[in-house]
Amino acid sequence: MLQFADGTRVAIKGLGETLAELYAEDRPTNQETAEEILARLEARANFIPPGAAVRREYRYHLLKKYEEYVEYRHCKDHQD
């Protein structure tokens, strides 16, 4: 689930799986990865509205989700 600054919440199909795939590929947390997340989610039949501003906001929030996921996995992996 993504939540935007205006309070809008959007369910994203396959977000967890996509983040796990990218983590397994050791992808860095950068703009290139944000683009890849967006592309993979669109391939999973998620509708991402057109328009540069909207897509930029999606990339920002998706990258934040990936950063949170990476931090969680690093902590979890170091506990084992």
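Here, the structure is the one placed above.
Residues numbered from 1 in each chain as written. Predicted model: local features only at pLDDT ≥ 70, side-chain atom pairs only at ≥ 80, totals over all residues. Heavy atoms only, no water.

A. Structural context of the packing of helix H1 (residues 15-24) against helix H3 (residues 52-79). It is the contact of H1 with H3, at a shortest axis distance of 10 Å, that shows an interaxial angle of 60°. Classified by chirality, the crossing of H3 by H1 is right-handed. The segment H1 lies against H3, with Leu 15, Leu 19, Ala 20, Leu 22 and Tyr 23 engaging Leu 62, Lys 65, Tyr 66, Tyr 69, Val 70, Arg 73, His 74 and Asp 77. Considered class by class, the residues forming the contact of H1 with H3 number nine nonpolar, one polar and three charged. (Axes fitted to C-alpha atoms, helices over the stretch in contact; angles between N-to-C directions. Helix = DSSP H or I, 4+ residues; strand = E, 2+ residues; numbered from the N terminus. Left-handed = near helix turned anticlockwise from the far one by under 90°. Contact = heavy atoms within 4.5 Å. Nonpolar A, V, L, I, M, F, W, Y, C, P; charged D, E, K, R; others polar.)

B. Expanded view of unusual backbone geometry. The phi torsion at Asp 26 lies on the positive side, around 60°, for a residue other than glycine. A positive phi is found at Ala 45, a non-glycine position, where the angle reads about 70°. As for its position among the elements, Ala 45 is in the loop between helix H2 (31-43) and H3.

C. Structural view of H1. Inspection of H1 places Leu 15, Thr 18, Leu 19, Leu 22 and Tyr 23 among the buried residues, and these make up the whole buried set. Buried residues along H1 cover an arc of 135° about the axis, so they all sit on one side. Buried residues in H1 make contact with H2 and H3. Just downstream of H1, Asp 26 is the residue with a positive phi angle, here 60°. (Buried < 20%, exposed > 50% of the residue type's maximum accessible area, 1.4 Å probe, protein only. Arc of directions from axis to C-beta.)

D. The side chain of Thr 18, seen in detail. For Thr 18, the location among the structural elements is in helix H1. Looking at Thr 18, its side chain comes within polar contact range of the main-chain oxygen of Gly 14, at 2.8 Å. Discounting chain neighbours no more than four positions away, the residues touching Thr 18 are Ile 37, Arg 40, Leu 41 and Arg 44. (Polar contact = N/O pair within 3.5 Å; in protein donor to acceptor, adjacent residues only side chain to side chain.)

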